[in-house]
Amino acid sequence: MVDLIPNGRNIAVTDENKVDYVKLVSKHRMTTAIKSQIESFMDGFYELVPPELVSVFSPTELELLICGLPEVDIEELRVNTEYQQFTAGDPYIAWFWDILRSFSSEEKALFLQFVTGTSKVPLDGFAALQGMRGTQKFTIHKAYGGADGKLPAAHTCFNQLDLPVYASAEELREKLTFAIKEGSEGFGFA
């Protein structure tokens, strides 16, 4: 048993403090509990690459630098996509795929980063895309409430894209491009 806060073992988790509890458990599992492993990894990494050379990059830029620009097969992604409140035959969905096909390699990588949290294509392809619940296909959800001023939103834990319905393919391209370029760092609009 680990106290996440002083005397934590004697404090009940309630509706009022459950968000704080989840944050503390997440922090513990992702940092404190594996601190020695993280430090060992960083020591080894910094032996190869000095920290001052790495510190100028964002995590996304560093991933692209180390892994390179991925080859994103849009047709494979399309085949392995599920839809909520849309169908594969909707004209709006046809616009979406046409726009993705026209993207540069960098824009495709940014799109992948935006919707999945990583710019890497799974080794076994998009059929093996991982999410919070294991293998989880890319899903496009219709975002309700009108498109006025709204951007597409992503839920990287679920490989999910929430798309408002825009008036034209040009508006969809503009909003999607803005979202992936400005929001690919995660929580960019929070």
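Rules behind the numbers
Numbering of residues starts from 1 in each chain and follows the order in which that chain's sequence is written. Where local features are concerned, this predicted model is filtered to residues with pLDDT of at least 70; where side-chain atom pairs are given and counted, the filter is 80 or more; whole-chain, interface and lining totals use all residues. Side-chain calculation: all heavy atoms of the structure are included, whereas hydrogens and water are not. For helices the rule is a DSSP run of H or I covering at least 4 residues; for strands it is a run of E covering at least 2, with both sets numbered from the N terminus onward. Classification of residues uses two cut-offs on accessible area relative to the type maximum, computed with a 1.4 Å probe and protein chains only: under 20% is buried, over 50% is exposed, and between them is partly exposed. Whether two residues are in contact is decided by their heavy atoms: any pair within 4.5 Å suffices. Residue exposure ignores everything except the shown protein chains as possible cover, and the areas themselves are Shrake-Rupley values with a 1.4 Å probe. In this analysis, strands are considered paired if DSSP registers two or more bridges between them. Geometry of aromatic contacts follows a simple scheme: Phe, Tyr and Trp rings, the Trp one being its six-membered ring, pair when their centres are within 6.5 Å, and the pair is stacked under 30 degrees between planes, edge-to-face over 60, tilted otherwise. Between N-to-C directions, angles cover 0 to 180 degrees, with each direction set by a line fitted to C-alpha atoms, over the stretch in contact for helices. Working definition: roughly parallel below 35 degrees, roughly antiparallel above 145 degrees, roughly perpendicular at 65 to 115 degrees, and oblique for all remaining angles. Helix crossings fall into two classes, left-handed where the near helix is turned counterclockwise from the far one by less than a right angle and right-handed where it is turned clockwise. Each residue gets one label: Ala, Val, Leu, Ile, Met, Phe, Trp, Tyr, Cys and Pro are nonpolar, Asp, Glu, Lys and Arg are charged, and the others, such as Gly, are polar. We call a set of buried Ala, Val, Leu, Ile, Met, Phe, Trp, Tyr and Cys residues a nonpolar core when their side-chain atoms join them within 4.5 Å.

Caption draft 1: Here's a closer look at the overall build of the protein. Secondary structure assignment for the protein yields eight helices and six strands. Listing the helices and strands of the protein from first to last along the sequence gives α-α-α-α-α-β-α-α-β-β-β-β-β-α. Put simply, the protein has 190 residues, and 33% of those count as buried. Residue pairs in contact within the protein that sit at least 24 positions apart in sequence constitute 59% of those at least 6 positions apart. As presented, the protein carries roughly 12,000 Å² of accessible surface, and 57% of it is formed by carbon and sulfur atoms.

Caption draft 2: The pairing of strand β4 (residues 138–142), seen in detail. Among the five residues of β4, four are classified as buried, and the element is accordingly described as predominantly covered. Inspection of the sheet shows β4 paired to strand β6 (residues 160–163) by four bridges, in the parallel sense. Bridge assignment links Thr139 to a residue of β6, and that residue is Gln160.

Caption draft 3: Layout of the packing of aromatic side chains. Scanning the entire structure with this criterion turns up seven aromatic pairs. Centre to centre, the rings of Phe41 and Phe45 are 6.1 Å apart; their planes meet at 15 degrees, and the pair counts as stacked. Within this pair, Phe41 and its partner Phe45 are both found in helix α2 (residues 35–48), separated by four residues, close to a single helical turn. For Phe41, a relative accessible area of 54% corresponds to the exposed category. Seen in terms of ring centroids, Phe86 and Tyr92 are 5.4 Å apart; in terms of plane orientation they differ by 15 degrees. Their pairing is stacked. Across the pair, exposure class does not vary: Phe86 and Tyr92 are buried alike. In this structure an aromatic cluster arises from ring pairing among Phe96, Trp97, Phe111 and Phe138.

Caption draft 4: Representation of the pairing of β6 within the structure. Burial of β6 is two-sided: the residues Gln160 and Asp162 facing one way and the residues Leu161 and Leu163 facing the other way are all buried. Sheet topology places strand β5 (residues 153–155) next to β6; three bridges connect them, and they run antiparallel. Within β6, the position partnered with Ala154 by the bridge is Leu161.

Caption draft 5: Representation of the packing of helix α6 (residues 91–102) against helix α8 (residues 169–183). In contact at an axis separation of 10 Å, α6 and α8 are set at 55 degrees when each is read in the N-to-C sense. When the axis of α6 is compared with that of α8, the two are oblique. Remark: the crossing between α6 and α8 carries right-handed chirality. Residues Tyr92, Trp95, Phe96, Ile99, Leu100 and Ser102 of α6 touch α8, and the partners they reach there are Ala169, Leu172, Arg173 and Leu176. In the contact of α6 with α8, the residues fall into eight nonpolar, one polar and one charged.

Caption draft 6: Examining the nonpolar core more closely. Phe96, Trp97, Leu100, Phe111, Phe138 and Ile140 are the most contacted members of the largest nonpolar core, which has 28 residues in total. Among the secondary structure elements, those contributing two or more residues to this core are α5 (74–79), α6, α7 (105–116), β4, β6 and α8. Broken down by element, the residue count for this core peaks at six residues, all from α6. With residues up to four places along the chain from it excluded, the contact list for Phe111 reads Leu77, Phe96, Leu100, Phe138, Leu161, Leu176 and Ile180.

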